[in-house]
Amino acid sequence: MNKFFNLPLQQKIVSIYMLANFIIFIVNIFLILGINSMAIDMGMVYQDNRMLNELSDSLTEVQDNMTLYLSSKTSDSLENYYKSAQSLQTLSEELGGQVTDVTFSRMKRNIKFMSQNYLEEVSQTVEAKRGRNVEKYRTYYERSTELYEYINAYIDRLNNEQFISNSDRYTEIAAAFQTFESISILVLSLVTVGSIISIIIIVRMMIKPLKNLAISADEVADGNFDTILPEIRYHDEIGIVIGAFNKMIVSIKEYIIRQRESMEKERLMQEKELTMEAHLKDAQLKYLQAQINPHFLFNTLNAGAQLAMMEGADKTYEYVQTVADFFRYNVKNHETEVSVREEVTLVDNYIRILNVRFSGDIKYEKQVDERLLSINMPTMVLQPIVENAVNHGIREMGDKGIITLRVYREDNNVCISVRDNGKGIEQEDIDKILSGDWSKEDGQYDNNGIGMDNVVSRLRIFTGREDAVMIRSEGKDMGCEVIIRLPLE
């Protein structure tokens with residue numbers, strides 16, 4: 001059975017159709033043969049009666065033709081006589097001459113021999129007539145006529161008995177025919193119903209996998225890839241389609257799992273990269289802060305100590321205190337971020353210290369928006385910029401040098417400007433500083449160790465923007481301005 005269901009759909013449908021029609025064809029052939037056989041039997045029932053009637057008619061025809069010839073003695077009557085005699089001879093020979101115990105066969109055999117005797121008597125009568133032997137043909141005529149009447153009576157008797165017997169046979173055959181007809185209708189009905197049931201069952205077995213496939217496909221269309229996959233029962237076209245569908249669903253599920261795993265790995269790598277970037281940023285800030293050269297602090301304290309020895313007054317106290325605050329800020333502040341206020345205070349202290357060293361030659365101006373001083377920024381940024389402006393901008397200008405510090409808001413940025421009116425800086429040098437290619441020349445004044453490249457790098461790392469620092473100069477002796485942009489939020 002499985003071998004049948006594993007056949008291709010076309011072969012299965014054609015096989016079912018051919019099998020059903022073949023069964024119906026065989027049953028119809030059987031019924032037709034049965035009906036024909038019964039029709040033949042029914043036709044044969046009265047065959048013997050018809051033959052006896054023909055024999056009786058032929059016998060009468062011979063008797064009549066003989067009588068006509070005896071009365072007319074014409075050639076036509078003689079010819080008719082011979083024809084009828086030949087016909088009677090043929091019919092009598094068909095009666096059969098076998099010796100049996102069957103009454104009807106024995107009577108037919110008697111009729112056959114009596115008919116032959118009759119034909120002999122008739123023939124003697126005609127010959128006697130043609131020989132003009134009156135006495136002889138009269139004797140033969142009387143004997144043949146007597147035999148004729150006897151044969152007819154015998155035929156009537158046999159005919160009646162056979163009719164009675166055949167009537168019973170006809171009744172039996174008619175009853176059998178009705179039974180056969182009922183059985184035929186029942187067989188045809190059973191075959192038809194069986195064929196319909198078989199086709200329904202087989203078609204259902206073929207359609208059911210398609211329905212299961214449609215249900216699974218609907219669930220997959222709704223996004224449920226964990227649906228129960230339809231079972232492959234047979235390896236026909238439907239089984240091939242179901243197999244391909246199952247493979248497709250498995251492949252999609254594996255692809256989704258791989259995608260999820262890939263996304264999870266990518267997310268973990270991004271988190272790891274962000275963590276590494278944060279650690280690197282922190283390390284860079286700490287590394288840059290570590291570059292602060294404490295020489296400046298010690299030199300300044302040494303100068304304060306010398307001043308204290310020479311004067312021993314309040315200014316010395318103020319100077320030393322200022323230096324101490326400056327030193328404390330550098331030594332104690334290990335954090336990477338401080339407020340703008342703290343950086344501005346450090347610049348104030350730095351300028352105050354410088355003015356002590358250089359007898360107040362440095363002019364210092366401030367334009368500060370107090371509302372912006374709480375914003376955080378990297379530590380040790382403003383003091384190196386101011387120091388750079390002093391050393392490379394106004395150091396040789398005496399009391400004409402001016403340092404201007406401004407804190408203001410521009411769009412969503414907090415801008416800190418350090419401007420001097422010194423000798424300015426070439427654009428080529430500005431580009432080198434901003435690109436990190438700036439290098440100190442031999443014999444060039446060294447400040448506290450935190451160069452502009454250091455400041456620019458830290459501000460870019462802190463803000464995450466390349467334009468965190470801008471340097472501009474209008475030309476030689478036109479001063480220089482360094483502008484820092486910190487995001488407000």
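A short tour of the structure in this document, coming up. Just so it is clear, the structure is predicted and the values come from calculations on it, not from any experiment.

1. Observations regarding the overall build of the protein
In terms of regular secondary structure, the protein is built from 13 helices and 7 strands. With 489 residues in all, the protein has 35% of them scored as buried. The contacts of the protein with a sequence gap of at least 6 include a subset with a gap of at least 24, amounting to 72%. Put simply, the protein shows about 29,600 Å² of open surface, and 54% of that area lies on carbon and sulfur atoms.

2. Structural notes on a positive patch on the surface
A surface patch of positive charge is lined by R204, K208, K211 and R233. Secondary-structure assignment places K211 in helix 6 (residues 134–221).

3. Describing a negative patch on the surface
Side chains of E54, D57, E61, D64, E93 and E94 sit close together on the surface and give a patch of like negative charge. Looking at the negative patch, the element that brings in the most residues is helix 3 (residues 47–72), giving 4 residues. For D64, the position within the fold is in helix 3. D64 gets classed as partly exposed once you look at its relative accessible area, which sits at 46%.

4. A few points about empty space enclosed by the protein
Summed over all chains, the structure comprises 3 cavities of 30 Å³ or more. In this structure, the largest cavity occupies an estimated 80 Å³ of space. Lining the largest cavity are 13 residues, with P209, Y234, D236, I238 and G239 positioned closest to its centre. Looking at the lining of the largest cavity, the elements that each hand over two or more residues are helix 6 and helix 7 (237–289). Residues of the lining of the largest cavity, tallied by class, amount to 8 nonpolar, 1 polar and 4 charged.

5. Topic: the sheet that holds strand 4 (residues 402–410)
Sheet architecture is open: 5 strands sit in the order 2-4-5-7-6, paired in mixed fashion. One side of each edge strand has no neighbouring strand; the edge strands of this open sheet are strand 2 (363–368) and strand 6 (469–472). Taken pair by pair, the neighbouring strands of this sheet meet at an average axis angle of 15 degrees, ignoring direction. In this sheet, strand 7 (residues 480–487) lies alongside strand 5 (residues 413–420) in antiparallel orientation, the contact comprising 8 bridges. Directly across from I416, in strand 7, lies its bridge partner I484.

6. Some details on the nonpolar core
Ranked by size, the top nonpolar core spans 48 residues in total, and within it V340, I416, I471 and L486 carry the most contacts. Here this core gets 8 residues from one element, more than from any other, and that element is helix 10 (residues 340–357). Each residue touching I471, except ones within four places of it in the same chain, is listed here: I430, I433, L434, M452, C480, E481 and V482. Among the nonpolar cores identified, the runner-up in size contains 29 residues, and L52, V62, L95 and I155 belong to it.

7. A few points about the packing of aromatic side chains
Applying the stated rule across the entire model yields 4 aromatic pairs. Judged by centre distance (6.1 Å) and plane angle (50 degrees), the ring pair of F30 and F180 falls under tilted. Taken together, the residues F30 in helix 2 (residues 9–45) and F180 in helix 6 connect sequence positions 150 residues apart. The interplanar angle of 50 degrees and the centroid separation of 5.2 Å between the aromatic rings of Y81 and Y82 together place this pair among those described as tilted.

8. Re the pattern of salt bridges
Across all of its chains, the model carries 17 salt bridges by this definition. A salt bridge links K366 to D348, with the shortest nitrogen-to-oxygen separation between them at 3.0 Å. Remark: D348 occurs in helix 10 and K366 occurs in strand 2; sequence separation between them is 18 residues. Overall, D348 belongs to the buried group, its relative accessible area being 15%. Each of E264, R267 and E271 takes part in salt bridges that share partners, so that together they form one network.

9. Some thoughts on the packing of helix 10 against helix 11 (residues 382–394)
As a packed pair, helix 10 and helix 11 sit with axes 8 Å apart at the nearest point and diverge in direction by 35 degrees. In the packing of helix 10 onto helix 11, the handedness of the crossing is right-handed. Contacts between helix 10 and helix 11 involve E343, V344, L346, V347, Y350, I351 and L354 from the first element and L382, Q383, V386, E387 and V390 from the second. Its residues placed into classes, the contact of helix 10 with helix 11 shows 9 nonpolar, 1 polar and 2 charged.

What counts, and at which threshold
Residues numbered from 1 in each chain as written. Predicted model: local features only at pLDDT ≥ 70, side-chain atom pairs only at ≥ 80, totals over all residues. Heavy atoms only, no water. Helix = DSSP H or I, 4+ residues; strand = E, 2+ residues; numbered from the N terminus. Buried < 20%, exposed > 50% of the residue type's maximum accessible area, 1.4 Å probe, protein only. Contact = heavy atoms within 4.5 Å. Areas by Shrake-Rupley, 256 points an atom, 1.4 Å probe, with all protein chains shown as cover. Patch = residues over 30% accessible without salt bridge, like charges linked within 9 Å, V, L, I, M, F, W, Y side chains within 5 Å. Salt bridge = Lys/Arg side-chain N within 4 Å of Asp/Glu carboxyl O. Lys, Arg positive; Asp, Glu negative; His and termini not counted. Charge placed at Lys NZ, Arg CZ, Asp CG, Glu CD. 1 Å grid on protein atoms, 1.4 Å probe; cavity = no way out; pocket = protein on both sides within 12 Å on 5 of 7 lines; lining within 4 Å. Points joined across faces, edges and corners; volume = space filled by probe spheres on them. Nonpolar A, V, L, I, M, F, W, Y, C, P; charged D, E, K, R; others polar. Pairing = 2+ DSSP bridges. Axes fitted to C-alpha atoms, helices over the stretch in contact; angles between N-to-C directions. Core = buried A, V, L, I, M, F, W, Y, C linked by side-chain atoms within 4.5 Å. Phe/Tyr/Trp six-rings, centres within 6.5 Å; stacked < 30°, edge-to-face > 60°. Left-handed = near helix turned anticlockwise from the far one by under 90°.

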